[in-house]
Amino acid sequence: MIIKSLTTAWIRFFFAEQSPTPIALFRIAYGTAVIATLWLLRPDWLAWYGRHAWISLPTMQALEPGRRLNLFTVIPQTDAWIDSFFWVFLGSAILLTVGFLTRVNSAIVFLCLTSIQQRNLFITHGGDTFLRVAGFFLIFAPAGAAFSVDRLIGIWRGKEGKSPRPRSPWAQRMIQIQLALLYFASFCWKVKGPAWLQGTALFYIYHLDALKRFPVPAWLLHPTMLKIGSWSALALEFSLGILIWVKDLRYILLALGLLFHLSLEYSLNIPMFQWDILSAYILFVDPADITRAWDWIMRRAFVKKARWLGTPLRPNVR
Amino acid sequence: MEQLSVRDRYFKERYRKFAENLQNDKNDPLWPDVARYIARANSTAATQAKTIILVQESSAITPGAQGSYRPEPWDQHVLYGYGVKPEDLR
């Protein structure tokens, strides 16, 4: 009986069809994060990955032996080829964001992203790794089924209806699990050391000159506040790893997580990390709530437009 | 990093990450490549780098009384020395 209900819950969780709007919105956020990452890297494409890069390809291969998904091992090692690789990568990321040939472009973006990480593992952060793993599952997701050029083409050809057809969300679930694991692993790693448990960790982080970004008010750097901050970060990471699956707590945790990441984005110089992680929050939002939010935005936009044009609103328009 | 503008820091943060990884002894196979890159970047046809020395600079972060903080003096430690060969500059 228990096994049967567990099996039913498992199948419902991974395969009960739902609207593809969360994964489509994630595709847009994900593609934007990849484009921003490439844009930030742009002045140093050749310094990190070129023929005369900081680390040569043979050194990297010696340090990380074995078969790797790395296109740099197959393309000619000239600066022109490596530059072209990046332009193709960027072009593909743009096409993925707008949802044109979505599956093909998600595969290209995943291949290129994996390649640049394998080419130089010494400059990557957790956000890059998350993008890579999420990118793999995005290949199998119906990411182009909504808010995309692919859907517009489908409508134009008469293959798509008025609203996107529900799809199996298993790939979306895998990305959600990956995000929860990221938080839980981070929590486990932190409780191993005394600094987080004693509440002194943030003292060290906020006194690392190389990591500082915008000024933080002095009262927030008081030892008591830093202790509260350290313990709150632990509690939040645990909650986002485990309690995020409790439906009643989900939106509160997502709001706290959003505040947490925005405060880190303001105070610490860790480019793109917060946005890479936040991009996946949309996957935890109920598709019905996305539809409600979208309708609300459209109504507001319509009311504003009508007022601007001086047109009286029809009685049936709320 | 500390000397860069907020904007440049955002673009160049990967250099901080890279330097952090370089200081880990288990990554010492990277040092010759890094020395060669610095030699190439600092050589011209007229003046060529002969020796590259990687120096690690560090300053301990120590909480003072009542959680106060005063920067400690900086220490220097030679990480690696490399004699530049002519073929490194090609």
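Residues numbered from 1 in each chain as written. Chains lettered and ligands numbered in written order. Predicted model: local features only at pLDDT ≥ 70, side-chain atom pairs only at ≥ 80, totals over all residues.

Which parts of the structure should I look at to understand the overall build of chain B?
When you go through chain B residue by residue, the secondary structure sums to two helices and two strands. Going from the N terminus to the C terminus, chain B shows its helices and strands as α-α-β-β. Taken against the 2.2 N^0.38 rule, which gives 12 Å for 90 residues, the C-alpha radius of gyration of chain B at 17 Å runs more than 25% over that of a compact globule. Reported as C-alpha extents along the three principal axes, the dimensions of chain B are approximately 55 × 30 × 25 Å. Within chain B, buried positions represent 11% of all 90 residues. Within chain B, contacts between residues separated by at least 24 positions form 45% of all contacts whose residues are at least 6 apart in sequence. (Helix = DSSP H or I, 4+ residues; strand = E, 2+ residues; numbered from the N terminus. Rg over C-alpha atoms; globule rule 2.2 N^0.38 Å. Buried ≥ 20, exposed ≤ 12 C-beta atoms within 10 Å, placed from the backbone. Contact = placed C-beta atoms within 7 Å.)

Hey, could you run me through the nonpolar core in this one?
Nonpolar side chains tend toward joint burial in soluble globular proteins. Counting residues in hydrophobic clusters, the biggest one holds 55 residues, and the most contacted among them are A:A134 and A:A280. Contributing elements (two or more residues each) for this core: α2 (21–41), α3 (45–49), α5 (79–98), α6 (102–119), α7 (126–138), α9 (170–192) and α14 (273–278) of chain A together with α2 (31–41) of chain B. Considering each element in turn, this core owes the most residues, seven residues, to α2(A). Mapped onto the domain boundaries, this core takes at least three residues apiece from domain 1 (18–168) and domain 2 (180–285) of chain A. Among residues more than four places away in sequence, those in contact with A:A280 are A:F26, A:A134, A:I175 and A:L179. (Core = buried A, V, L, I, M, F, W, Y, C linked by C-beta atoms within 7 Å. Domains from an automatic or database assignment.)

Can you help me understand the interface of chain A and chain B in this one?
Quoted interface sizes are often the accessible area lost when the parts come together. In this complex, chain A contributes 24 residues to the contact, which on the side of chain B involves 23 residues. Contributing elements (two or more residues each) for the side of chain A that touches chain B: α4 (57–63) and α11 (201–205) of chain A. At three residues, the largest contribution of residues to the side of chain A that touches chain B is made by α4(A). Grouping the constituent residues of the side of chain A that touches chain B by class yields 14 nonpolar, eight polar and two charged. (Nonpolar A, V, L, I, M, F, W, Y, C, P; charged D, E, K, R; others polar.)

I'm lost on the environment of A:Q77 in this one. Help?
All names here are of chain A. With respect to the element layout, Q77 can be found in the loop between α4 and α5. Distance in space between the C-alpha atoms of Q77 and L220 is 50 Å, their sequence separation being 143 residues. With residues up to four places along the chain from it excluded, the contact list for Q77 reads R51 and L57.

Help me understand the packing of α2(A) against helix α15 (residues 287–309) of chain A, please; the structure alone is not making it clear to me.
What describes two packed helices is the angle between their axes and the distance between those same axes. Residue and element names in this part refer to chain A. Direction vectors running N to C along α2 and α15 enclose 70°, while the axes themselves pass 9 Å from each other. As far as their axial angle goes, α15 and α2 are roughly perpendicular. Along the contact surface, α2 presents T21, P22 and L25, while α15 presents P287, I290 and T291. A breakdown of the residues in the contact of α2 with α15 according to their chemical character gives four nonpolar, two polar and no charged. (Axes fitted to C-alpha atoms, helices over the stretch in contact; angles between N-to-C directions. Parallel < 35°, antiparallel > 145°, perpendicular 65-115°, else oblique.)

Help me understand the domain arrangement of chain A, please; the structure alone is not making it clear to me.
Domain boundaries assigned for chain A yield domain 1 (18–168), domain 2 (180–285) and domain 3 (290–318). If you average the C-alpha positions of domain 1 of chain A and of domain 3 of chain A, the two centres end up 37 Å apart.

I would appreciate a short explanation of α2(A) in the present structure.
One turn of an α-helix holds 3.6 residues; hence residues three or four places apart share an orientation. The terminal C-alpha atoms of α2(A) lie 30 Å apart, and with 21 residues this matches the ideal 30 Å at 1.5 Å per residue to within 8%. Regarding α2(A), the residues found buried are A:T21, A:P22, A:I23, A:A24, A:L25, A:F26, A:R27, A:Y30, A:G31, A:A33, A:V34 and A:T37. (Expected span 1.5 Å × (residues − 1).)

Sorry, what's going on with α5(A) here?
Residue and element names in this part refer to chain A. Its 20 residues give α5 an end-to-end C-alpha distance of 29 Å, which sits within 8% of 28 Å, the value for a rise of 1.5 Å per residue. Within the span of α5, buried status applies to I82, F89, S92, A93, L96 and T97. Down the axis, α5 shows its buried residues gathered within 140° of arc, on one side only. Turned more than 90 degrees away from the buried face of α5, the exposed residues are A80, S84, W87 and G91. Against α2, α3 and α6 lie the buried residues of α5. (Arc of directions from axis to C-beta.)

Can you help me understand the packing of α2(A) against α7(A) in this one?
Residues and elements named next belong to chain A. It is at 12 Å that the axes of α2 and α7 come closest, and there the two elements cross at 135°. It follows from the interaxial angle that α2 and α7 lie oblique. Along this stretch, α2 crosses α7, giving a crossing that reads as left-handed. Across the interface between the two elements, R27, Y30, A33 and V34 from α2 touch L131, A134 and L138 from α7. (Left-handed = near helix turned anticlockwise from the far one by under 90°.)

Would you explain unusual backbone geometry in this entry?
Where the residue is not glycine, phi is negative for most of them; where a peptide bond is considered, it is trans in most cases. Residues and elements named next belong to chain A. For L101, which is not a glycine, the phi torsion comes out positive at approximately 50°. Summarising the element assignment, L101 is placed in the loop between α5 and α6. Judged by the 17 C-beta atoms lying within 10 Å of it, L101 is partly exposed. Of note in this structure, M272 is not a glycine but carries a positive phi near 70°. Along the chain, the position of M272 falls in the loop between α13 (247–267) and α14. For M272, a count of 22 C-beta atoms within 10 Å puts it in the buried group.

Sorry, what's going on with the environment of A:R67 here?
Within the secondary structure, A:R67 sits in the loop between α4 and α5. What makes A:R67 exposed here is the crowd of 6 C-beta atoms within 10 Å.

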